[in-house]
There are 2 protein chains.
Amino acid sequence: MPSIASPAQAAPASRWAPPYLLYLGNAPDHLAAKTARGLAHWRPQWCVGQFRGSDCRTTLDLPDLDFGQAVEAGANTMIVGVANAGGVMDAEAVEHVVQALDAGMNIASGLHERLASHPRIVAAAERNGRFLFDARQPPPLAVGNGRRRAGRRLLAVGTDCSVGKMYTTLAIERELRARGVRADFRATGQTGIFIAGAGVPIDAVVADFISGAAEWISPAREDGGWDLVEGQGSLFHPSYAGVSLGLLHGAQADALVLCHEPGRAHMRGLPHYPVPDLVTCLEANLQAARLTSPEVIAVGVAANTSRAESADAAARICAEIEDALGLPCQDPVRMGVARIADRLQSCFAN
Amino acid sequence: MPSIASPAQAAPASRWAPPYLLYLGNAPDHLAAKTARGLAHWRPQWCVGQFRGSDCRTTLDLPDLDFGQAVEAGANTMIVGVANAGGVMDAEAVEHVVQALDAGMNIASGLHERLASHPRIVAAAERNGRFLFDARQPPPLAVGNGRRRAGRRLLAVGTDCSVGKMYTTLAIERELRARGVRADFRATGQTGIFIAGAGVPIDAVVADFISGAAEWISPAREDGGWDLVEGQGSLFHPSYAGVSLGLLHGAQADALVLCHEPGRAHMRGLPHYPVPDLVTCLEANLQAARLTSPEVIAVGVAANTSRAESADAAARICAEIEDALGLPCQDPVRMGVARIADRLQSCFAN
């Protein structure tokens, strides 16, 4: 079993530790399986297989296993990361979860609907001595206190929602670890929580506890390593900026990486709001972050260039951003994040 | 019965409308009765009396009534605004609530603990056909959409928590109404909710819905009147700034009033954080507010000069702020808010 948690996070993770069976159910398309796909991409060593229903329209290119086969292959926990249109489990999914519990696995879910709201699931967990974990259910939290704490922290911030903040943060974790630097991804959303093996779904906490949640997931650390905190939303998104600001204050970041999708026509879900320009957005994030971390700096820009038609076009986009902001700019998918990591290491050499 | 609610808010208010009996229980001091005190100050015409337990150490200078007397005096609802140290109702308070229901009143509570968590209270409400209302329980909400809506809105923002934002907003409501201007206080905390007869406890909503809650309490209005939105927290408070920013975006304010307590040594509860200077704080609020309300302006500063030793000293403090910011500055308690209202009316004359 991989090492996945800081001391503050070890307890919940121990009840739903990998290896995982990824439950796809009858996911109608790739997007519906987004959580499972993130896990398979970033933690393939934890994923022994997938379970697909008879109407499933997607695959993760993992072995198709039934529940008994999954347990034989070493699965400790089944991850339920897909929902039907209403965000709930249908009768077939409930039946599958009961069968997985009877086969001996714990169950972890990223759905809004709670596992414990199904009496049959609760009964199956009890009779098998297995655990149920709802990633969307926050742990008990305190309000943020803003006190300076030990350790170094990086936070991914964005011009908008869904621009690649989780992917960027995980890419930086991989790059730093490959260089022998201690670095741990700290999750703030349900997909990230399964990948990290711990975390808080920060959009689901009560408003007064946003910054406290960010402090909880990235506690003081004394080993010289980095906590890499998954960002959420954008200070410029009228629906979610409160979450982004509380996260920015609680994360107490030493370094920011700005995530952006060039060419996006407007803020996600809001055709009447333009995407902010990068300089304005970065300056607003730095200004707000200074409240709890006066020396915070930006170390790079992660550009999601998936709309670019060629590698050359993507390179041109990144070069333009780099000139405008004076920071390394890379697309983590096309180019990795080596130059951003270089900048981070040179700025924090001591 | 006074008219208290916008169309969006009429339904909940009708179930716990005034007149009120204010329940003080065994409140050990004035602070413990803060919610009841706010109601008695701002809506004396709604308050027929107070009920005090045998160990009560405070009074609102209202008639002491038992539950039967309160009903005879016209009370429709008993307001439970005090708690013991644990924030919960003790056995005596539960018994009193049951007696009040049996006497024929509805019950509204501002406590964290839910009325409905006590089976005896639920049973008493059912057998008497009375309603229970927990002001700390948010209504179902949507995420904010940021769309420009009709009507004019003013929001009180602050350098810190507990600097007088509710008091200031209510003073502006009173002043504008005295001038024949349509103006309605929109509540975002439990005391304000009882005063307004409607509202959302914005610190208790799930983080993703902060701006949506602010949009809900101040919907589009076409009558030329003002919605005066109660502010919460401060953009410069590391514990709660996320709430303040979501409220700022959702309120879509045309006008801001900055609330401040001169002489406060540090941010509330955080000795390691200084209070921001007024110019920086106001500019940060205006900058953030422009996302959803590009033409927003500041119309005044409300200074809580309760620490000043004399009226002259208070006047000097306000004059200094006025010079520094170029905005009218008044202490709403000592001086009223006439000059702030003058500025508001002159800036929005059409």
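- As recorded in an unreviewed UniProt entry, chain A goes by the name N-acetyltransferase DgcN, listed as coming from Luteimonas notoginsengisoli.

**Side note on the overall build of chain A**
Step number 1: What chain A contains, in helices and strands, is 13 helices and 11 strands.
Step number 2: The globule rule puts the C-alpha radius of gyration for 350 residues at 20 Å, and the 20 Å found for chain A is close to it.
Step number 3: On the principal axes, the C-alpha backbone points of chain A span a range of 60 × 45 × 40 Å.
Step number 4: When burial is assessed residue by residue, chain A has 57% of its 350 residues classed as buried.
Step number 5: Put simply, chain A has 31 plus and 36 minus side-chain charges, and the middle of one group is 4 Å from the middle of the other.

**Describing the sheet that holds strand β10 (residues 297-303) of chain B**
Residues and elements named next belong to chain B.
Step number 1: An order of β7-β8-β6-β9-β10-β11 is seen for the six strands of this open sheet, with the pairing classed as parallel. The two strands at the open ends of the sheet, each matched to only one other strand, are β7 (183-186) and β11 (329-330).
Step number 2: On top of the sheet, helix α10 (residues 278-289) reaches β6 (152-158), β9 (255-260) and β10; it is set at about 145° to β9, its chief contact.

**A few points about the pairing of strand β8 (residues 226-229) of chain A**
Residues and elements named next belong to chain A.
Step number 1: Where burial is concerned, the two faces of β8 agree: the one with Trp226 and Leu228 and the one with Asp227 and Val229 are both buried.
Step number 2: Of the pairings in the sheet, the one linking strand β6 (residues 152-158) to β8 comprises four bridges and is parallel in character. From the neighbouring strand, Arg152 faces β8, where its bridge partner is Trp226.

**A look at the relation of the copies chain B and chain A**
Step number 1: Take chain B, turn it by 180°, move it 0.0 Å along the axis, and it overlays chain A with an RMSD of 0.0 Å. Taken together, these values place the two copies in the relation of a two-fold axis.
Step number 2: The residues that chain B uses at the interface reappear at the interface of chain A in 100% of cases, marking a shared surface.

**Considering the sheet that holds strand β5 (residues 132-134) of chain A**
Residue and element names in this part refer to chain A.
Step number 1: Taken together, the five strands give an open sheet; going across it, the order is β2-β1-β3-β4-β5, and neighbouring strands pair in parallel fashion. Of all strands in the sheet, those bounded by a partner on one side alone are β2 (47-52) and β5. Between one strand axis and the next, the sheet turns by 20° as a mean value, whatever way the strands run.
Step number 2: By the bridge criterion, four bridges tie strand β3 (residues 77-80) to strand β4 (residues 106-109) in an arrangement that is parallel. Residue pairing for β4: Thr77 is matched across the bridge by Asn106.
Step number 3: Most of the contacts of helix α2 (residues 34-42) go to strand β1 (residues 20-25), to which it runs at about 150°, and overall it touches β1, β2 and β3.

**Brief notes about the domain arrangement of chain A**
Residue and element names in this part refer to chain A.
Step number 1: If you check the domain split of chain A, you get domain 1 (7-134) and domain 2 (152-347).
Step number 2: Its C-alpha centre places domain 1 at a distance of 28 Å from the equivalent point of domain 2.
Step number 3: Tallying the contact residues gives 18 residues for domain 1 and 17 residues for domain 2.
Step number 4: Our count for the contact surface shared by domain 1 and domain 2 stands at one salt bridge.
Step number 5: In this assembly, domain 1 and domain 2 are joined by five residue pairs in polar contact (both at pLDDT 80 or more).
Step number 6: Those elements that provide at least two residues to the side of domain 1 that touches domain 2 are α2 and β4.
Step number 7: Looking at the side of domain 1 that touches domain 2 element by element, the count peaks at six residues for α2.
Step number 8: Considering only residue class, the side of domain 1 that touches domain 2 consists of 10 nonpolar, six polar and two charged.

**Comments concerning the pattern of salt bridges**
Step number 1: One pass over the structure, following the stated rule, counts 42 salt bridges over all chains.
Step number 2: Of the charged contacts, one joins A:Arg182 and A:Asp223 as a salt bridge, the two residues approaching to 4.0 Å between their closest N and O atoms. Of this pair, A:Arg182 sits in the loop between α6 (165-178) and β7 (183-186) while A:Asp223 sits in the loop between α8 (210-217) and β8, placing them 41 residues apart in sequence.
Step number 3: Residues B:Arg43 and B:Glu173 are paired through a salt bridge, measuring 3.0 Å at the closest nitrogen-oxygen approach. Pair noted here: B:Arg43 is in the loop between α2 (34-42) and β2 (47-52) and B:Glu173 is in helix α6 (residues 165-178), with a separation of 130 residues, a long-range link.
Step number 4: With relative accessibility at 9%, the residue B:Arg43 sits in the buried group.
Step number 5: Through salt bridges that share partners, A:Arg43, A:Glu173, A:Arg177, A:Arg182, A:Asp184, A:Arg186, A:Arg221, A:Asp223 and A:Asp227 make up one connected network.

**A short note on the UniProt feature "domain: D-glutamate N-acetyltransferase-like C-terminal" (unreviewed entry) in chain A**
Step number 1: The sites that carry the UniProt feature "domain: D-glutamate N-acetyltransferase-like C-terminal" (unreviewed entry) are, in the present numbering, residues 143-340 of chain A.
Step number 2: Structurally, residues 143-340 of chain A is divided into 37% helix and 15% strand, and its ends, taken at the C-alpha atoms, are 33 Å apart.

**Notes on unusual backbone geometry**
Step number 1: The peptide bond linking A:Pro18 to A:Pro19 adopts the cis configuration, its omega dihedral lying at 5°.
Step number 2: One can find A:Pro19 in the loop between α1 (10-14) and β1.
Step number 3: The backbone of B:Asp61 sits at a positive phi, close to 60°, despite the residue not being glycine.
Step number 4: Summarising the element assignment, B:Asp61 is placed in the loop between β2 and α3 (67-72).
Step number 5: A relative accessible area of 69% means that B:Asp61 is categorised as exposed.

**Describing the environment of A:Glu173**
Residues and elements named next belong to chain A.
Step number 1: Residue Glu173 is classed as buried on the basis of its relative accessible area, which comes to 5%.
Step number 2: Each C-alpha atom, one on Glu173 and one on Leu228, is 7.0 Å from the other, the two residues being 55 residues apart in sequence.
Step number 3: Ignoring anything within four residues of it in the chain, the contact list for Glu173 reads Arg43, Ala183, Asp184, Phe185 and Leu228.

**Focus on the side chain of A:Asp227**
Residue and element names in this part refer to chain A.
Step number 1: Checked against the element boundaries, Asp227 lands in strand β8.
Step number 2: For Asp227, the side chain forms a polar contact with the side chain of Arg221, separated by 2.6 Å.
Step number 3: Leaving out residues up to four positions away in the same chain, Asp227 has contacts with Arg152, Arg153, Leu154, Asp184, Arg186, Ile217, Ser218, Pro219 and Arg221.

**Focus: the side chain of A:Asp134**
Step number 1: Residue position: A:Asp134 is located in strand β5.
Step number 2: Residues within four places of A:Asp134 in sequence aside, it is in contact with A:Ser109, A:Glu113, A:Arg114, A:Leu115 and A:Ala116.

**A word on the interface of chain B and chain A**
Step number 1: Taken together, the contact between chain B and chain A spans 33 residues of the former and 33 residues of the latter.
Step number 2: Both sides of the chain B and chain A interface together cover about 2500 Å² of buried area, and 57% of this is carbon and sulfur.
Step number 3: The interface formed by chain B and chain A includes zero salt bridges.
Step number 4: Between chain B and chain A we count 14 residue pairs in polar contact (both at pLDDT 80 or more) in total.
Step number 5: Of all the secondary-structure elements, those providing two or more residues to the side of chain B that touches chain A are α8 (210-217), α9 (241-251) and α10 of chain B.
Step number 6: Broken down by element, the side of chain B that touches chain A gets its largest block of residues, six residues, from α9(B).
Step number 7: Here the side of chain B that touches chain A is composed, by residue class, of 18 nonpolar, 12 polar and three charged.

What counts as what
Residues numbered from 1 in each chain as written. Chains lettered and ligands numbered in written order. Predicted model: local features only at pLDDT ≥ 70, side-chain atom pairs only at ≥ 80, totals over all residues. Heavy atoms only, no water. Helix = DSSP H or I, 4+ residues; strand = E, 2+ residues; numbered from the N terminus. Rg over C-alpha atoms; globule rule 2.2 N^0.38 Å. Buried < 20%, exposed > 50% of the residue type's maximum accessible area, 1.4 Å probe, protein only. Lys, Arg positive; Asp, Glu negative; His and termini not counted. Charge placed at Lys NZ, Arg CZ, Asp CG, Glu CD. Pairing = 2+ DSSP bridges. Contact = heavy atoms within 4.5 Å. Axes fitted to C-alpha atoms, helices over the stretch in contact; angles between N-to-C directions. Least-squares fit on C-alpha atoms with pLDDT ≥ 70 in both. Domains from an automatic or database assignment. Salt bridge = Lys/Arg side-chain N within 4 Å of Asp/Glu carboxyl O. Polar contact = N/O pair within 3.5 Å; in protein donor to acceptor, adjacent residues only side chain to side chain. Nonpolar A, V, L, I, M, F, W, Y, C, P; charged D, E, K, R; others polar. UniProt positions renumbered as here; feature names shortened; annotations may be inferred. Buried area = accessible area lost by both parts, 1.4 Å probe.

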